[in-house]
Amino acid sequence: MPKIELTHVTKRWDKFYAVDDLNLTIEDNAFVTLLGPSGCGKTTTLRMIAGLETPTSGRITIGDQVVFDDRAGINIPPNKRKVGFLFQNYALWPNMTVYQNISFGLTNVKEELPRIDLEARKAAALIHALQRPDDVVKTIRECVDKKGKLDENKAHIKLIDRYEISIFTAKELMGYKLHETMEPATVAKAKLAELEKALAAAKQRCQAEGCAFSEDYTYLKNGKPVTSVRKLSKEEIDLSVRRVARIVKIGMFMDRYPAELSGGQQQRVAIARTLAPEPAVLFMDEPLSNLDAKLRLEMRSELQRLHLETGSTFVYVTHDQMEAMTLATKICLIDNGVLQQYDAPLTVYGRPNNTFVADFVGNPAINFMDAVGAQDPDGAVSLTIFDGLRASFTPKAPLDLGAWFAQTEAAAQAKRAAEQEKAREKGHVEKGNKDVLFRHHIAKVDEEEDFGDEIELTDRDFVLGVRPEFLNISEEGALEGEIYSAMPTGMETTVKVRVGDYLLTGVVFGGVLYRIGQKVKLGFRGDDVALFSRRTGKFITQGSLKLQ
């Protein structure tokens, strides 16, 4: 499967930048989720890679093929990019059966394809099945009901799945009537002789043309497939349809119409139709958003299995961070058209690049606390939190705050210089949807209206981020609080603890019951508390937090 590379890709409408200078590499066989709030540019990014949207500038490569380059004037159409697109609303044809929906795209294929001896392939498949005639009989007889009547349609499906053959081959195998004779081995032996003779004749014809057969009976000349521009045969189309039907487990629904299927079954049909042409990359735009909560959970599991079975590269758009966390090998988090972080899910969760990422990923949401302080000679950072409480933050790894701020400022100056240089370029359009510093939310009992008033921040201003699971409610805690709310779910309980005017959210595992108003003591567990610069919102380091 190919690697996908986006280099300085921008998409704008007038002064609105939907995607702003995006650089991204999607490795082959990856499962990447494009995550972000509504309108952040994730669907636009997906559509640009697929060819459904034309970038304003930049370069997109799929494998070894450049599919878009504004400077070179390259823009390969979607049908030439070998990609599959799964839409949010499934887009199934209501007047077509499941089989017709899946095969529809295959019937229109006309391109350079390898030459295959389909009769030889069919003969080989029948020989393989007839070598164990008792298995064939057993498979067919499994489809006999209590009254002794054979369900031929069910038998065909069983044979198709058992031997990975087409419906035409399955019907021929059924036509031998092994299940109706007392001597299936004798009948099979006679048929085997005929089939082996036909297969030998096919091999001779192939050799007479100076060719050889591959394992799937493709003509090879000098070790390379012989190709020609042609359409797919009915046998090839059926094999493709049955292959994807096996993958998504819808073989029994081939004669039904979409209206006769549940939401989950329709989703499987849409996935099968997308997989049938064997796309190099599979794009999915919020494909589970129309399903109920239980079915979404089941389909997430199916998509994970599908990714492993197909070996394809999956690019998946969602605004649901739980979907992104559970499905992805990598999360690409976007806000206002700008890439915020591109990392493995647990890295995005544990080491967020900035306060926006920390806030967006995680349910329940992270606890933010404003802090003021400075680094001590021993490397710890002395802080004041909660309007006067003294605390000490000990970094997990050695940290020189002065050097970190200097490096961050140098990077910011370099970025401003690059933006100024870009602004001087001919044809440059200033970004109308300006990037602004994310304003993190501090949970309080009495929320004050935020008028966006600017306050002067320095390098002594920090933000602490504590995930709910790191809030430790125990008698050893140094901080006194009061249970503000408690929501048990059985496996865990989500609690909000009041500390003065502030609220902290915690997750307590197990069947623990709390009363509203109950006095508790709490502290901060582990060394994964995040420290951010309040002035820039950027992640500094992780460490442990103790009250003094």
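Residues numbered from 1 in each chain as written. Predicted model: local features only at pLDDT ≥ 70, side-chain atom pairs only at ≥ 80, totals over all residues. Heavy atoms only, no water.

Looking now at a negative patch on the surface. A cluster of acidic side chains, namely Asp-387, Asp-446, Glu-447, Glu-448 and Asp-501, defines a negative patch on the protein surface. Along the chain, the position of Asp-446 falls in the loop between helix 14 (401-423) and strand 20 (461-466). (Patch = residues over 30% accessible without salt bridge, like charges linked within 9 Å, V, L, I, M, F, W, Y side chains within 5 Å. Areas by Shrake-Rupley, 256 points an atom, 1.4 Å probe, with all protein chains shown as cover. Salt bridge = Lys/Arg side-chain N within 4 Å of Asp/Glu carboxyl O. Lys, Arg positive; Asp, Glu negative; His and termini not counted. Charge placed at Lys NZ, Arg CZ, Asp CG, Glu CD. Helix = DSSP H or I, 4+ residues; strand = E, 2+ residues; numbered from the N terminus.)

All right, on to helix 3 (residues 118-130) then. Compared with an ideal rise of 1.5 Å per residue, which puts 13 residues at 18 Å, helix 3 spans 18 Å between its outermost C-alpha atoms and is within 8% of the ideal. Elements that come into contact with the buried residues of helix 3 comprise helix 4 (133-141), helix 5 (152-163), helix 6 (167-175), helix 7 (184-208), strand 9 (212-213) and helix 8 (234-248). (Expected span 1.5 Å × (residues − 1). Contact = heavy atoms within 4.5 Å.)

Moving on, we get to the sheet that holds strand 6 (residues 74-75). Ordered by their spatial adjacency, five strands build an open sheet running 2-1-4-5-6, and the pairing between neighbours is antiparallel. In this open sheet, the two edge strands, each paired with only one partner strand, are strand 2 (16-26) and strand 6. Relative to strand 2, strand 1 (residues 4-13) runs antiparallel, the two sharing seven bridges. Bridge assignment links Glu-5 to a residue of strand 2, and that residue is Thr-25. (Pairing = 2+ DSSP bridges.)

Moving on, we come to the nonpolar core. With 43 residues, the main nonpolar core has Met-369, Leu-464 and Leu-522 as its most contacted residues. Once residues lying within four places of it in the same chain are set aside, the contact partners of Leu-522 are Leu-471, Asn-472, Ile-473, Ser-474, Gly-477, Ala-478, Leu-479, Glu-480, Gly-481, Val-497, Val-499 and Leu-504. (Core = buried A, V, L, I, M, F, W, Y, C linked by side-chain atoms within 4.5 Å. Buried < 20%, exposed > 50% of the residue type's maximum accessible area, 1.4 Å probe, protein only.)

Glancing now at the sheet that holds strand 23 (residues 492-499). With antiparallel pairing, the five strands of this open sheet are ordered in space as 21-25-22-23-24. Whereas interior strands pair on both sides, the edge strands pair on one side only; in this sheet they are strand 21 (471-473) and strand 24 (502-509). On average, each strand axis in the sheet is inclined to that of its neighbour by 45°, with strand direction left out of account. In the sheet, strand 22 (residues 479-488) pairs with strand 25 (residues 519-524) via four bridges, with the strands oriented antiparallel. Note on strand 25: the bridge partner recorded for Leu-479 is Leu-522. (Axes fitted to C-alpha atoms, helices over the stretch in contact; angles between N-to-C directions.)

Summed over all chains, the structure comprises 13 aromatic pairs. With a centroid separation of 6.4 Å and an interplanar angle of 75°, the aromatic rings of Phe-368 and Phe-532 are classed as edge-to-face. With Phe-368 in strand 17 (residues 367-375) and Phe-532 in strand 26 (residues 529-533), the pair connects residues that are 164 residues apart, well separated along the chain. Both residues of the pair, Phe-368 and Phe-532, count as buried. Arranged with centres 5.2 Å apart and planes meeting at 45°, the rings of Phe-386 and Tyr-502 form a pair that is tilted. Here the residue Phe-386 occupies a position in the loop between strand 18 (381-385) and strand 19 (389-395), and Tyr-502 occupies one in strand 24, the gap between them amounting to 116 residues. Members of the aromatic cluster, each reached through a chain of ring pairs, are Phe-31, Phe-314 and Tyr-316. Directly above the aromatic system of Tyr-219 lies the positively charged group of Arg-115, at a separation of 3.9 Å from the ring centroid. (Phe/Tyr/Trp six-rings, centres within 6.5 Å; stacked < 30°, edge-to-face > 60°. Lys NZ or Arg CZ within 6 Å of the ring centre and 35° of its normal.)

Turning to the pattern of salt bridges, a few remarks are in order. Applying the stated criterion across every chain yields a total of 29 salt bridges. The residue Arg-305 makes a salt bridge to Glu-309 at a minimum N-O spacing of 2.8 Å. Placement of both Arg-305 and Glu-309 in helix 10 (residues 293-310) is noted, with a separation of four residues, approximately one turn of the helix. On the basis of relative accessibility, which here comes to 21%, the residue Arg-305 falls in the partly exposed class. With a relative accessible area of 47%, Glu-309 lands in the partly exposed category. One connected set of salt bridges, linked through shared partners, spans Arg-268, Glu-302, Arg-305 and Glu-309.

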